[in-house]
Amino acid sequence: MSKLDFGALSPYIGSMLNALKITLFISVLAVLLSLPIGLTLAFFRTSRYAVLRIPAAIYVEVLRNVPLLVIIYILYYGLPSYGVVLGALTSGVAALTLNGSAYLTEVFRGGLTAIPKGQYEAARSLGLPHRHVLGSVVIPQLFRITFPALGNQVVGLILGSALVSVIGINELTHVSYVIGSKTFRYFEVFVVAGVMYLIAVQLVNRIWGIVGRRVRKGMVGA
Amino acid sequence: MSWHDSQLTDYAPLLYQGAKTTLRLTGLALLFGSALGIVAGLARSSRVWWLRLPAMMFIGTFRSIPILLQLFFAYYGLPLLFNINVPQYAAATLALSVYCGAYMAEVVRSAVQSVDSGQLAAAAALGLGRVRTFIYVISPQALRVGVPAAVGVFVMTLKDSSLASVIGYLELTGTGLAVREIDPASGSFTVLIAVGAIYFVCAWLISLCGQYVERRLRIPGMAGAKAQPTMTAA
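Cut-offs and rules
Residue positions within a chain follow its written sequence, with the count starting from 1. Lettering of chains starts at A and numbering of ligands starts at 1, both following the order in which they are written. Given that this is a predicted model, residues contribute local features only at a pLDDT of at least 70 and side-chain atom pairs are listed and counted only at 80 or more, while totals for whole chains, interfaces and linings are drawn from all residues. Each helix is a run of H or I in the DSSP string that is no shorter than four residues. Each strand is a run of E no shorter than two, and both are numbered from the N terminus. Once C-beta atoms are placed from the backbone, each residue is buried if 20 or more other C-beta atoms lie within 10 Å of its own, exposed if 12 or fewer, and partly exposed for counts between those two. Residue pairs are scored as contacts if the distance between their C-beta atoms, which are placed from the backbone, is within 7 Å. Amino acids outside the nonpolar list (Ala, Val, Leu, Ile, Met, Phe, Trp, Tyr, Cys, Pro) and the charged list (Asp, Glu, Lys, Arg) are all regarded as polar, and Gly is one of them. Only buried residues count toward a nonpolar core: Ala, Val, Leu, Ile, Met, Phe, Trp, Tyr and Cys, linked into one set through C-beta atoms within 7 Å. Lines fitted to the C-alpha atoms define the axes, with helices restricted to the stretch that makes contact. Angles between their N-to-C directions range from 0 to 180 degrees. Working definition: roughly parallel below 35 degrees, roughly antiparallel above 145 degrees, roughly perpendicular at 65 to 115 degrees, and oblique for all remaining angles. Crossings are assigned a handedness: left-handed for a near helix turned anticlockwise from the far helix by less than a right angle, right-handed for a clockwise turn. What pLDDT reports is the predictor's confidence in each residue, on a scale of 0 through 100. By this rule the span expected of a helix is its residue count minus one, scaled by 1.5 Å. One axis fitted to the seven residues ending at a residue, another fitted to the seven starting there: the angle between these axes is the bend at that residue.

S.K.: Tell me about the overall build of chain B, and please be specific about residues and values.
M.R.: When its secondary structure is counted, chain B shows eight helices and zero strands. When the helices and strands of chain B are read in sequence order from the N terminus, they spell out α-α-α-α-α-α-α-α. Within chain B, the proportion of its 234 residues that are buried is 45%. A sequence separation of at least 24 residues applies to 78% of the contacts in chain B between residues at least 6 apart.

Rendered as structure tokens:
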């Protein structure tokens with residue numbers, strides 16, 4: 001057994017923390033882009049018009065059943081043969097967004113079915129126009145119902161963002177790998193990176209739990 | 001660019017080999033992962049703290065670290081520490097099994113917890129001991145509740161097996177990338193789409209089998225076997 005030397009990493013901790021910031025930046029960007037897409041597609045998916053419902057169903061099923069890694073490769077290596085050249089960061093964030101929005105669509109769809117029909121009927125009978133029914137009655141409840149599941153998706157995107165390292169984006173996993181190959185301290189560097197991910201993910205979980213209790217307070221049936 | 005049918009038929013045998021490798025890797029990881037997941041999930045649901053606590057830490061740790069990093073750790077980190085050489089398939093099987101096990105443990109835990117506490121009270125009233133309560137009362141119900149979520153973990157493991165290509169293992173994705181290298185200008189899109197389509201079909205077949213098992217296990221009149229949506233990362 002060779003000797004462990006975590007001290008050998010001390011010159012690199014700064015660049016690892018920077019890489020963690022990039023990881024979080026990419027994840028947050030993907031979350032923010034996925035939310036509106038997922039919400040829209042959830043309404044399509046539950047629409048009574050097949051012309052909206054079927055394409056949304058295909059989008060969700062395809063993206064949930066094809067590995068994120070393959071999506072990244074298709075966007076980054078595949079699209080240029082059609083003359084569409086995306087940079088590494090754009091491809092990475094786009095792939096994460098495609099993936100994340102498909103999962104969010106399912107989360108929101110589940111939430112929509114959990115809102116009692118009486119809510120729509122009550123809102124309509126109060127004379128609210130359709131768009132206000134959505135904005136003031138449906139969507140606020142939808143967010144409360146799906147809040148815990150949204151947290152899981154945020155964590156999923158943080159973990160998924162490690163995959164964009166394969167196209168050379170300097171996020172935490174890629175930077176750790178490079179440091180490992182430079183110092184030959186693979187064991188130590190991956191342990192440190194793992195701890196960083198662990199702390200980031202557990203923080204998101206805790207904060208989400210605290211906010212979630214407030215969000216769901218007074219909710220009917222919570 | 002045009003659709004290179006002739007090229008795709010040239011590559012088809014390679015992709016077929018790659019798909020077989022992917023399925024073998026996935027199958028092994030599911031086998032070990034499910035065994036690990038059942039043990040860890042039961043330990044997590046135990047009321048004995050020295051079983052529950054390690055299980056909690058195991059699940060919490062391995063579900064919070066990207067599978068790619070765990071794979072790097074298994075392939076580059078661990079062997080270096082013990083001064084051994086680990087082949088790619090062994091590192092990939094190890095990392096995928098542990099990751100799958102952590103997710104499966106959560107499935108097992110939530111399935112066990114879904115069994116109504118009145119059932120336990122009834123079993124106790126009938127004079128069943130703890131072991132018998134588990135075998136005859138909890139496990140038959142938990143099994144049925146857990147199937148949809150377990151299928152989700154199966155599909156996730158299939159998709160995550162694609163990461164083995166990053167450490168140079170020639171499974172389906174790795175084969176697709178290698179084929180792309182031969183003719184990067186014209187072949188990339190077709191080959192990568194074909195790879196994606198093969199994954200899609202495999203994942204779809206897994207879901208189909210899951211639905212079949214779910215239907216077969218269903219007890220007429222027993223409601224409440226509701227699917228719990230699981231988070232499937234990446």
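S.K.: Which residues make up the overall build of chain A, and what values do they have?
M.R.: When its secondary structure is counted, chain A shows eight helices and zero strands. Counting from the amino terminus, chain A carries its helices and strands in the arrangement α-α-α-α-α-α-α-α. Judged by the C-alpha coordinates and their principal axes, chain A covers about 70 × 45 × 25 Å. Counting the 222 residues in chain A, one finds 41% classified as buried.

S.K.: How would you summarise the interface of chain B and chain A if you had to cite specific residues and measurements?
M.R.: Taken residue by residue, the interface counts 40 residues in chain B and 39 residues in chain A. Only α3 (67-82), α6 (130-160), α7 (172-182) and α8 (184-217) of chain B provide two or more residues apiece to the side of chain B that touches chain A. Residue composition of the side of chain B that touches chain A, grouped by class: 29 nonpolar, nine polar and two charged.

S.K.: Would you mind going over the environment of A:Val62 in detail, with residue names and values included?
M.R.: With respect to the secondary-structure elements, A:Val62 resides in helix α2 (residues 50-65). Put simply, A:Val62 and A:Asn99 are 37 residues apart on the chain and 9.6 Å apart in space, counted from C-alpha to C-alpha.

S.K.: Quick one: what's the story with the nonpolar core, residue by residue and with numbers?
M.R.: Ranked by size, the top nonpolar core spans 119 residues in total, and within it A:Ile72, B:Leu71 and B:Ala95 carry the most contacts. Ignoring sequence-local partners within four residues, the contact set of A:Ile72 consists of A:Ser91, A:Gly92, A:Ala95, A:Leu163, A:Val164, A:Val166 and A:Ile167.

S.K.: Tell me about the packing of helix α4 (residues 88-114) of chain A against helix α6 (residues 130-160) of chain A, and please be specific about residues and values.
M.R.: Residue and element names in this part refer to chain A. Interhelical geometry of α4 versus α6 gives an angle of 160° and a closest axis separation of 9 Å. By the angle between their directions, the pair α4 and α6 is classed as roughly antiparallel. Here α4 and α6 pass one another in a crossing that is right-handed. Where α4 abuts α6, its residues Leu96, Asn99, Gly100, Tyr103, Leu104, Val107, Phe108, Gly111, Leu112 and Ala114 lie against Leu142, Ile145, Thr146, Ala149, Leu150, Gln153, Gly156, Leu157 and Gly160. The residue inventory of the contact of α4 with α6, partitioned by class, reads 12 nonpolar, seven polar and no charged.

S.K.: So, unusual backbone geometry: which residues are in play, and what are the values?
M.R.: The phi angle of most residues is negative, glycine excepted, and most peptide bonds adopt the trans form. The phi torsion at A:Phe184 lies on the positive side, around 60°, for a residue other than glycine. Checked against the element boundaries, A:Phe184 lands in the loop between α7 (172-183) and α8 (186-215). Non-glycine residue B:Asn83 carries a positive phi angle of around 55°. Given 8 C-beta atoms within a 10 Å radius, B:Asn83 is considered exposed.

S.K.: Quick one: what's the story with the confidence of the model for chain B, residue by residue and with numbers?
M.R.: Do not read the predicted coordinates in detail wherever pLDDT is low. Residue and element names in this part refer to chain B. Counting all residues, the mean pLDDT for chain B is 89, and 89% of those residues have values of 70 or more. Low pLDDT (under 50) marks residues 224-234, which in the prediction has 29 contacts with non-local residues, meaning those over four places away or in another chain. Here the predicted complex carries an ipTM of 0.92, next to a pTM of 0.90.

S.K.: Describe α6(A), listing the residues and the values that go with them.
M.R.: Residue and element names in this part refer to chain A. For α6, spanning 31 residues, the distance from its first C-alpha to its last is only 37 Å, which falls clearly below the expected 45 Å at 1.5 Å a residue. Along α6, the sharpest change in direction is near 60° and occurs at Phe147; proline Pro148 comes one to four residues later. Of all the positions in α6, only Leu142, Ile145, Thr146, Leu150, Gln153, Val154, Val155, Gly156, Leu157, Ile158, Leu159 and Gly160 are classed as buried. Check the buried side of α6 and you find it contacts α1 (13-45), α3 (68-78), α4 and α8.

S.K.: Give a detailed account of the packing of helix α2 (residues 49-62) of chain B against helix α4 (residues 88-113) of chain B, specifying residues and quantitative values.
M.R.: All names here are of chain B. One can describe the packing of α2 onto α4 by two numbers: an axis separation of 9 Å at closest approach and a directional angle of 120°. Looking at the two axes, α2 sits oblique to α4. Crossing of α2 against α4: the hand is left-handed. Contacts between α2 and α4 involve Ala55, Phe58, Ile59 and Phe62 from the first element and Val98, Tyr99, Ala102, Ala105 and Glu106 from the second.

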